[in-house]
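Residues per chain, in single letters:
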Amino acid sequence: MNRGSPGRRADRLWRIGVSSMVGLGLIGSPILEGITGTAVAIAQSVPAPVREAYTLLGRGLVNQAITAFQQVLRQSPRLVEARLGLAIAYRRAGRDAEALQAYEQVLETDPDNRLALMTIGILGGYRTEWQNRGITALNRLLENNSNDMEARAQRALLYGYQSRFAEAIADYNIVLQRNPTPDAVLGAAQVYAYSGNYSGGLALFNRYRETGGAIEGSAAIAYALALRQTGNPAQAVQVLESQLRQTSGLTSTTIQMRSSLAIAYAATGQFDQAASVLTPLRGRSDSRMILARALHEIGQSSGNPVPSQEAIALYREVLTQAPNLTVGLAREVADVLSSYPQEQSYALEIYRQLAQQQPGDRGLLVQQTVLERQLGLISNADLQQRLQTSLQILPDNLDQQRAIAQALTRLDAPSPDLLPLYQRLLQAEVDEPLLNFRIAQMLIQRNEFAAAKNALAAYAATPQGMQNQATSLLLLAEIDRREGNLQASAQRYQTIISSNPSDAGVLSGALQGLAGILQSQGRLPEAVALYDQIIARNPQDQAKQLGRASLAYQARLISQAEAEAVLSSWVSVRPLTDTPPELVSLVSALPANPQREALYAALLETNPDSVPLQLRLVQVMATRNPNLAQAEINRLIARDPENVGAYFVQGQLAQELGNLNLASRSYETILGQNPNNVDALSALGGIRFQQRRFDSASQIYNEVLAIDPSNTIAQTSLISLTAVQGRRLEALQQLEQLQLQQSSSGQVDPNLAQQQQQLREGFLQQRGFQPPWERF
């Protein structure tokens, strides 16, 4: 069953505002030119007309200087000093396009002129279409002098504008070690924040403040983002409210500021204020993308579908109406839409188009592959094969590595076979906290609980993990369950449910986890009641109907025919590659059926370690050839002698075939690995019951109760043992007492009434009630 999907929150908040940084002045530019110094330096070596033009420029007579330089160049078009003077004059006059062209003409004659190269780099930050020209100029400058920190800081700035954060940060890391200017520190702080390194960004903002600088305007937006993502949204609200009070009207900066403030309001639970601050942005073509981002985040924070639906409509509008949409923006839209189940098919179309446009981008390829798996278009085996083929060696491009990591973290329950790939990304120091969370999930599947706890602790230590403590509790509860500590596991789930987390996936995961605990304790009606809550919260999720049908069938609340009707409804319209955990649960709960053998095999491709599925498959095999079934079990054990699931399958099949000694050895093998395995203890108690070794059975069931005092299976089995040893009246009294205890806690178990009737009629089973794993 699904334990929650922390990856579904689409935690890519670093994208907010980044696509709008270009041309909006979100990051400050250094001041370059000292005109007087330049004139003095060249005055002794140039013709008199050039010196006169520089004199005019030095006196502030810019237009006259432009005319003078133009006259010189008509006579001497390759005179570098004149071309340089004209470029400087154009800049002083605010004629940036002509200045850029003039500086590039300087380079035609003097390709290594520092002033020209540096100024082109600065002008590259003025317009989107000039950025690559600026980066090219700065590359040349740094090739000539790698210690030019002014050039490196400016190149980092341009990389930041283009969302090429890995390259920007690589440059800033060098600059920050070399006595950087306050402007460089401020630029680095913003790039760090927008790249997702919120704690690093916040540290740099604080370092900038120590120089006496004020964080204002567009820089305040990145500062507020860093504050919010490091657990201080209230201070982010204060920063942005203060900035908005100092401005009036709607500019590109205030539009972005209102969006960021709305998200900060939502993070503090002030949803009305969030809606109000966004009101001026509605209906404006220049704020659609910014408004969509804000509404998406508000919908995620509040759990309210209305903002999310509005965000989806805006994202679609941007895709269809925005001219010259960049690859980065289209990718952002696909990333967000893929987090909404109803929009995943549309997001897949975008990824496929982008992958055709960018065939060398393996990040896009992985995003497409993961989404195809989520939609059930490819099998788990196909997913693994594609990933192993395309990612044998990780790309050197850090942005692609990050995209790959973010895509992989969207797999809710990745196969342990993919563990080496996730670990390689972690070793490459890709900044994606959820990698550790997914690694913990895979380690749990491999029963490596100590290592899983270490990975989970690494995740919990990140700002994202601190903000999503409930997701860590989900995995800790699962570890408790697997270690046999059901009471501690149930308490963790109750803690999550009581906290009412805003993330619907986390809440559903806790409800499903608690339902699983109740199921293992034999408290099936209570588990069904929890599933009713889950379905009420997720009415569009048809998989939850499968989970409820599985539990209701096991609780005898619906018939086998009704349960099979739910199953048929699903498989008739879904491909065999669409295999949610609830489907596995229902198929496993129903009796083995030769007509479902192909379904068992398909589900085992996705869930190769599922004990109930393995059991159903070998049961079908046993109807044809018991030896073939036993050979399959032997293969499972030989493949992994430590796999307790294989011994469960062997024990159950041996029990069905009447080989109680082999069944007993199977469960004893499991208990040798984990003495507190409640399922194995319950099964062994049932074997002892069948063998009429009542004292041994009683001792085993009491061991179960010592581990799990609420275990209904052990309680009712002990009552049956009392009756089968001739103390029927005492057994009836015990049963009535158990019924009273359950009634007082609001539990109603119809199985108790059935057992009571059996005792009164003198009919006794020759073993205890079925352990829960047999009727999964």
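Analysis parameters
- Residues numbered from 1 in each chain as written.
- Predicted model: local features only at pLDDT ≥ 70, side-chain atom pairs only at ≥ 80, totals over all residues.
- Heavy atoms only, no water.
- Helix = DSSP H or I, 4+ residues; strand = E, 2+ residues; numbered from the N terminus.
- Contact = heavy atoms within 4.5 Å.
- Areas by Shrake-Rupley, 256 points an atom, 1.4 Å probe, with all protein chains shown as cover.
- Buried < 20%, exposed > 50% of the residue type's maximum accessible area, 1.4 Å probe, protein only.
- Axes fitted to C-alpha atoms, helices over the stretch in contact; angles between N-to-C directions.
- Left-handed = near helix turned anticlockwise from the far one by under 90°.
- Nonpolar A, V, L, I, M, F, W, Y, C, P; charged D, E, K, R; others polar.
- Core = buried A, V, L, I, M, F, W, Y, C linked by side-chain atoms within 4.5 Å.
- Polar contact = N/O pair within 3.5 Å; in protein donor to acceptor, adjacent residues only side chain to side chain.
- Salt bridge = Lys/Arg side-chain N within 4 Å of Asp/Glu carboxyl O.
- Phe/Tyr/Trp six-rings, centres within 6.5 Å; stacked < 30°, edge-to-face > 60°.
- Lys NZ or Arg CZ within 6 Å of the ring centre and 35° of its normal.
- Expected span 1.5 Å × (residues − 1).
- Parallel < 35°, antiparallel > 145°, perpendicular 65-115°, else oblique.
- pLDDT = per-residue confidence, 0-100.

1. Structural notes on the overall build of the chain
Regarding its fold elements, the chain presents 44 helices and zero strands. For the chain, the share of sequence-separated contacts (at least 6 apart) that also reach a separation of at least 24 residues comes to 57%. For the chain, the exposed surface amounts to about 32,200 Å²; the carbon and sulfur share of it is 48%.

2. A word on unusual backbone geometry
Its identity as a non-glycine residue notwithstanding, Glu429 has a phi of 60°, on the positive side. Position of Glu429 among the secondary structure elements: in the loop between helix H24 (419-427) and helix H25 (434-445). Taking relative accessible area as the criterion, Glu429 reaches 70% and is therefore assigned exposed. In this model, Asn500 sits at a positive phi of 50°, which is unusual for a non-glycine residue.

3. Re the packing of helix H7 (residues 114-123) against helix H8 (residues 131-144)
Relative to each other, H7 and H8 sit at 145°, their axes nearing to 7 Å. The handedness of the crossing between H7 and H8 is left-handed. Each of Arg114, Leu117, Met118, Ile120 and Gly121 in H7 lies in contact with H8, whose residues at this interface are Arg133, Gly134, Ala137, Leu138, Arg140 and Leu141. When the residues that make up the contact of H7 with H8 are grouped by side-chain class, the tally is six nonpolar, two polar and three charged.

4. Quick look at the nonpolar core
Core analysis: the biggest nonpolar cluster contains 118 residues, and Phe69, Tyr103, Phe205 and Leu278 have the highest contact counts within it. Leave out the neighbours within four places in its chain, and Phe69 touches Val50, Ala53, Tyr54, Leu57, Glu81, Ala82, Gly85, Leu86 and Ala89.

5. Here we look at the environment of Gly685
Following the sequence through the fold, Gly685 ends up in helix H40 (residues 678-690). We classify Gly685 as buried; its relative accessible area is 0%. Each C-alpha atom, one on Gly685 and one on Ser698, is 7.4 Å from the other, the two residues being 13 residues apart in sequence.

6. Describing the side chain of Asn677
Mapped onto the fold, Asn677 is located in the loop between helix H39 (660-673) and H40. At a separation of 3.0 Å, a polar atom in the side chain of Asn677 contacts the main-chain amide nitrogen of Ala680. Leave out the neighbours within four places in its chain, and Asn677 touches Phe648, Ile670 and Leu671.

7. Details of the pattern of salt bridges
Enumeration over the complete set of coordinates arrives at 30 salt bridges. Asp171 is the partner of Arg155 in a salt bridge, and the nearest nitrogen-oxygen pair spans 2.8 Å. With Arg155 in helix H9 (residues 149-161) and Asp171 in helix H10 (residues 165-175), the pair connects residues that are 16 residues apart, well separated along the chain. Comparing Arg155 with Asp171, the two get one shared label, buried. With its nearest N and O atoms 2.7 Å apart, the salt bridge here joins Arg482 to Glu478.

8. Description of the packing of aromatic side chains
Scanning all chains against the criterion turns up five aromatic pairs. Taking 5.4 Å as the distance between ring centres and 65° as the angle between the ring planes, the aromatic pair formed by Phe437 and Tyr459 counts as edge-to-face. Taken as a pair, Phe437 in helix H25 and Tyr459 in helix H26 (residues 449-460) lie far apart in primary sequence, 22 residues in all. The pair Phe437 / Tyr459 is uniform in exposure class, with both members buried. One Lys or Arg, Arg316, reaches over the ring of Tyr346 and ends 3.9 Å from the middle of that ring. It is Arg574 that lies over the ring of Trp570; its NZ or CZ is 4.2 Å from the centre.

9. Some thoughts on H39
Between the first and last C-alpha of H39 there are 20 Å, a value that for 14 residues agrees with the 20 Å anticipated at 1.5 Å per step. Taken together, the buried positions of H39 are occupied by Leu660, Leu662, Ala663, Ser664, Ser666, Tyr667, Ile670 and Leu671. Those residues of H39 that are buried lie in contact with helix H37 (626-639), helix H38 (644-656) and H40.

10. Observations concerning the packing of helix H29 (residues 486-499) against helix H30 (residues 504-520)
To describe two helices that pack against each other, one gives the angle between their axes and the distance between the axes. One can describe the packing of H29 onto H30 by two numbers: an axis separation of 9 Å at closest approach and a directional angle of 150°. Comparing their axes, H30 and H29 come out roughly antiparallel. Where H29 crosses over H30, the handedness of that crossing is left-handed. Residues Leu486, Ser489, Ala490, Tyr493, Gln494, Ile496 and Ile497 of H29 lie in contact with H30, whose contacting residues are Val506, Leu507, Gly509, Ala510, Leu511, Gly513, Leu514, Ile517 and Ser520. Classifying every residue of the contact of H29 with H30 by side-chain character gives 11 nonpolar, five polar and no charged.

11. Side note on the side chain of Arg373
Take Arg373: it is sitting in helix H21 (residues 362-374). Relative accessible area serves as the criterion here: at 11%, Arg373 is assigned to the buried category. When residues no more than four places from it in sequence are discounted, the contact partners of Arg373 are Ile378, Ser379, Asn380, Leu383, Leu411, Thr577, Thr579 and Thr606.

12. Describing the confidence of the model for the chain
Chain-level pLDDT for the chain is 83 on average; 89% of the residues reach the 70-or-more range. Low pLDDT, under 50, characterises residues 1-41; the stretch is placed with 139 contacts to residues that sit more than four places away or in other chains. Within the model, the stretch residues 763-776 combines pLDDT values under 50 with 52 contacts to residues more than four positions away or in other chains.

13. Re the environment of Gln560
Inspection of the secondary structure assignment puts Gln560 in helix H33 (residues 560-571). Gln560 sits in the partly exposed class, given a relative accessible area of 35%. Sequence separation between Gln560 and Ala589 is 29 residues, and the spatial gap between their C-alpha atoms is 9.8 Å. When sequence neighbours within four positions are dropped, the list of residues in contact with Gln560 reads Tyr553, Leu590 and Pro591.

14. Some details on helix H13 (residues 217-229)
Under the 1.5 Å per step criterion, the end-to-end length of H13 is 19 Å for 13 residues, consistent within 8% with the ideal 18 Å. Within H13, 12 of the 13 residues are buried, which leaves it mostly tucked inside the rest of the structure. Along H13, the residues classified as buried are Ser218, Ala219, Ala220, Ile221, Ala222, Tyr223, Ala224, Leu225, Ala226, Leu227, Arg228 and Gln229. Summarising the contacts, the buried residues of H13 are in contact with helix H11 (182-195), helix H12 (198-210), helix H14 (233-245), helix H15 (252-267) and helix H27 (463-467).

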